[in-house]
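So you can see what is in the structure, the chains are spelled out below.
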Amino acid sequence: MAKKILIIGGGVAGLSAGIYARLNGFDALILEKHTIAGGVCTAWYRKGYRFDYSIQWLVGTREGAFHQTFKDTNVINDDVKILNADYHTRVVLPDGDDMVVYTDIDKWCDYLIKRAPEDERSIKKLRRHMHWSKQLTPFDAAPPLRSIWMYLSLLPRVYKLLWAVFRFGGKTYKEYIDSLGFKNEWLRNALMRNYADDKFSALAFLFILSWYTRKNAGYPIGGSLGVAERMHQRYTELGGEVRFKSNVSEIIVENDKAVGVRLDDGTEIRADYVISAADGYTTIFDFLKGKYLSEEVKHAYEHWEPYPAIVQISLGVNAKLETQYPVQVILGERKISDRVSIRHNYRILNYSFDHTMAPEGKTCVVIRFESPYDLWKDMDKETYDFEKENIKRYALQLLEENYPGHSADVEVCDVATPLTTVRYTGAWRGSYEGFKVSNRNITAQLSQTLPGLDNFYMVGHWLFPGGGVPPSVHSGKWALQLICKKEGKPVRFSL
Ligand SMILES: Cc1cc2nc3c(=O)[nH]c(=O)nc-3n(C[C@H](O)[C@H](O)[C@H](O)COP(=O)(O)OP(=O)(O)OC[C@H]3O[C@@H](n4cnc5c(N)ncnc54)[C@H](O)[C@@H]3O)c2cc1C
């Protein structure tokens with residue numbers, strides 16, 4: 001009889017674990033608290049508009065280990081059109097000047113040299129460092145299954161990357177930019193303010209454009225929900241089941257072995273293995289009551305900061321709004337009400353590049369800004385509704401500033417707060433992507449197992465500072481590699 005794997009959570013990591021479980025002949029059951037699969041990789045419909053919540057760029061759309069995993073799990077397939085944009089973002093400074101960030105390293109550096117010729121030498125240095133970082137390649141095998149030879153055989157292909165890690169691994173983005181010694185005030189100011197987070201990692205910054213330059217970080221037309229639906233379809237076609245509205249409250253442990261879960265209505269479901277794809281904090285400290293802790297886990301949850309919660313305003317505009325720059329970051333503080341404010345910047349996305357998002361002749365515009373979870377968590381209903389109305393009013397002003405004359409065309413204005421994220425996905429503190437990537441954790445990764453607990457694995461973005469769909473999906477494959485190893489059978493990636 002096939003052994004059974006229970007998977008808590010039907011986000012992209014849980015779906016991936018489910019797909020690989022089925023490919024390897026296990027019975028698989030995903031327990032998902034929401035009514036649809038996808039977790040934060042999702043979208044919602046309002047009056048014919050689809051408002052996307054996640055993917056702007058997807059590392060692995062062209063090549064490499066992530067790409068293979070995407071093919072196995074139907075994240076992408078030959079019918080999915082991938083868009084490789086020319087521009088990464090346009091950063092608008094408080095004085096109205098801007099800095100365009102191209103997706104191609106050389107194009108971007110040529111543009112910077114044109115605008116700041118006195119810094120040509122430093123810009124060329126930056127270009128060189130970004131090119132070194134292009135050698136970044138994820139491993140196909142889970143960390144415990146890698147041999148020393150796997151690492152050594154990579155050396156000839158990654159020696160420049162290792163040099164970059166050695167030189168910049170411990171530096172923050174701001175220290176790195178400082179070290180380049182730019183003289184041009186516009187350039188220094190624009191780069192320094194581009195990332196508000198003081199601890200943002202220099203390496204993470206260098207990696208971003210290196211993925212784009214390789215045309216390996218495209219956007220799949222159909223967006224986040226498209227990804228989630230394709231994965232769900234692949235999983236069910238393989239015979240897997242997702243049981244929706246199933247809220248897990250506890251992992252049942254007997255003799256230090258995970259043997260099943262208990263739902264919040266008291267139902268017990270037993271299995272041979274349990275994989276948690278729910279958020280890391282809930283898994284370790286609630287489902288398992290903090291009984292199985294490693295030093296690395298303790299350190300991470302005590303010292304690493306989660307990504308902040310966000311407010312997303314989604315606007316359905318009854319007009320075709322054209323833009324050269326689909327993603328803009330508008331710097332500056334703004335007060336929306338006595339409680340709610342935009343602290344450093346907001347992001348405005350015009351989804352006209354994806355025809356599936358809005359009916360013909362109309363446009364989806366999404367505005368996002370960070371908003372601390374603590375501000376929202378104990379808000380009473382009256383205040384909450386009041387703040388949402390304030391945000392809606394303010395959103396029309398922001399739209400007007402960016403697309404003059406179009407606030408009157410808005411026919412839908414939907415506001416999702418940090419509490420919305422928590423309600424639908426359970427994400428710890430409303431974090432949208434797990435732990436923030438900093439100079440302290442850029443090279444770290446948490447183990448998929450916990451010390452002393454058998455037959456239990458974790459998958460998903462809480463294992464990888466920086467998070468994102470690619471490592472989350474990849475971790476589902478790794479969990480099955482580990483389980484197959486334990487079962488003494490070869491792992492299969494396709495039927
Ligand atoms: C605004 C935004 C922008 C982003 N941009 C990008 C991007 O451009 N590129 C990129 O790669 N990534 C991006 N991400 C991040 C990416 O979407 C996530 O890292 C990834 O989807 C995480 O997947 P996951 O399966 O690990 O976690 P989740 O999506 O959080 O899935 C966890 C699942 O577990 C379920 N669950 C939780 N608790 C329970 C319980 N008790 N019982 C049952 N089920 C439970 C939840 O409902 C959820 O379905 C973005 C995310 C957001 C929100």
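Residues numbered from 1 in each chain as written. Predicted model: local features only at pLDDT ≥ 70, side-chain atom pairs only at ≥ 80, totals over all residues.

Draft legend 1. Spotlight on the sheet that holds strand 2 (residues 27-31). A sheet is described by the order of its strands in space; here 5 strands give the open sequence 10-2-1-14-22, paired in parallel fashion. Two strands bound the open sheet, and with one partner strand each, they are strand 10 (241-243) and strand 22 (456-458). Neighbour-to-neighbour, the strand axes of this sheet turn through a mean angle of 20°, independent of strand direction. Pairing geometry for strand 1 (residues 4-8) and strand 14 (residues 273-276), over 4 bridges, is parallel. Looking at the pairing, Ile8 lines up with Ser276 of strand 14. (Pairing = 2+ DSSP bridges. Helix = DSSP H or I, 4+ residues; strand = E, 2+ residues; numbered from the N terminus. Axes fitted to C-alpha atoms, helices over the stretch in contact; angles between N-to-C directions.)

Draft legend 2. Structural view of the packing of helix 4 (residues 120-133) against helix 5 (residues 148-168). Running from N to C, helix 4 and helix 5 cross one another at 120°; their axes reach a closest spacing of 7 Å. Classified by the angle between their axes, helix 4 and helix 5 sit oblique to one another. In this structure, helix 4 crosses over helix 5, and the sense of that crossing is left-handed. For the pair formed by helix 4 and helix 5, the contact residues are His129, Trp132 and Ser133 on the first element and Lys160, Leu161, Trp163 and Ala164 on the second. For the contact of helix 4 with helix 5, the residue count by class is 4 nonpolar, 2 polar and 1 charged. (Parallel < 35°, antiparallel > 145°, perpendicular 65-115°, else oblique. Left-handed = near helix turned anticlockwise from the far one by under 90°. Contact = placed C-beta atoms within 7 Å. Nonpolar A, V, L, I, M, F, W, Y, C, P; charged D, E, K, R; others polar.)

Draft legend 3. How the structure looks around the environment of Ala309. Checked against the element boundaries, Ala309 lands in the loop between helix 11 (295-303) and strand 15 (310-317). The exposure class of Ala309 is buried, given the 24 C-beta atoms found within 10 Å. Separated by 147 residues in sequence, Ala309 and Leu162 have C-alpha atoms that sit 33 Å apart. (Buried ≥ 20, exposed ≤ 12 C-beta atoms within 10 Å, placed from the backbone.)

Draft legend 4. Geometry of the site of the ligand. Around the ligand, the structure places 39 residues, and the nearest of them are Gly9, Gly11, Gly39, Tyr432 and Gly460. Every element with two or more residues in the shell around the ligand is listed here: helix 1 (12-23) and helix 15 (469-487). (Near = placed C-beta within 6 Å.)

Draft legend 5. Main features of the domain arrangement of the chain. Domain parsing of the chain yields domain 1 (4-45 + 55-79 + 222-305 + 434-487), domain 2 (95-214) and domain 3 (310-416). Here domain 2 and domain 3 have C-alpha centroids that lie 30 Å from each other. (Domains from an automatic or database assignment.)

Draft legend 6. Summary view of unusual backbone geometry. With a phi angle near 70°, Asn74 is a residue other than glycine that sits in the positive phi range. For Asn74, the position within the fold is in the loop between helix 2 (64-73) and strand 6 (82-83). Even without being glycine, Lys215 reaches a positive phi, approximately 55°. Among the secondary structure elements, Lys215 is positioned in the loop between helix 8 (202-213) and strand 9 (217-220).

Draft legend 7. Highlighting helix 9 (residues 223-237). Taking 1.5 Å per residue as the helical rise, helix 9 with its 15 residues ought to reach 21 Å, and the 21 Å between its terminal C-alpha atoms agrees with that figure. Within helix 9, 11 of the 15 residues are buried, leaving the element largely enclosed by the surrounding structure. Along helix 9, the residues that are buried comprise Gly223, Ser224, Leu225, Gly226, Val227, Ala228, Arg230, Met231, His232, Arg234 and Tyr235. Within two residues after helix 9, Gly239 carries a phi angle of roughly 95°, on the positive side. (Expected span 1.5 Å × (residues − 1).)

Draft legend 8. Spatial organisation of the pairing of strand 12 (residues 257-263). Bridge count between strand 11 (residues 248-254) and strand 12: 6 bridges; the pairing is antiparallel. When the bridges of strand 12 are listed, Val248 appears paired with Leu263. Here strand 11 folds back onto strand 12, and the loop between the two strands holds 2 residues, one of which, Asn255, carries a positive phi near 50°. As defined by bridge partners, strand 12 adjoins strand 13 (residues 268-270) across 3 bridges and the pair is classed as antiparallel. Each bridged residue has a counterpart across the sheet, and for Gly260 the counterpart in strand 13 is Arg270.

Draft legend 9. Local environment of the nonpolar core. Formed by 141 residues in total, the largest nonpolar core has its most connected members in Ile5, Ile7, Val12, Ala17, Val274, Ile275 and Val365. If we ignore the near neighbours within four places in the chain, the residues touching Ala17 are Ile7, Ile275, Ala277, Val459, Gly476, Ala479 and Leu480. (Core = buried A, V, L, I, M, F, W, Y, C linked by C-beta atoms within 7 Å.)

Draft legend 10. Quick look at the packing of helix 1 against helix 15. Where helix 1 contacts helix 15, the two axes come as close as 7 Å, and the packing angle between them is 30°. Both helix 1 and helix 15 take part in a crossing whose hand is right-handed. Every residue of helix 15 that contacts helix 1 at Val12, Ala13, Ser16, Ala17, Tyr20 and Ala21 is listed here: Val469, Ser472, Val473, Ser475, Gly476, Lys477, Ala479 and Leu480. Of the residues in the contact of helix 1 with helix 15, the class split is 9 nonpolar, 4 polar and 1 charged.

Draft legend 11. Representation of the environment of Val91 in the model. Looking at where Val91 falls in the secondary structure, it is placed in strand 7 (residues 87-92). Taking the C-alpha atoms as reference, Val91 lies 4.8 Å from Val329; in sequence the two are 238 residues apart. The contacts of Val91, once residues within four sequence positions are left out, are Asp98, Met99, Val101, Ala190, Asn194, Val329 and Leu331.

Draft legend 12. Quick peek at the sheet that holds strand 5 (residues 58-59). Strand order in the open sheet formed by 3 strands is 5-9-6, and the pairing between neighbours is antiparallel. The open sheet has two edge strands, strand 5 and strand 6, and neither has a second partner. Sheet topology places strand 6 next to strand 9; 2 bridges connect them, and they run antiparallel. In the sheet register, Leu83 faces strand 9, and the bridge partner there is Tyr219.

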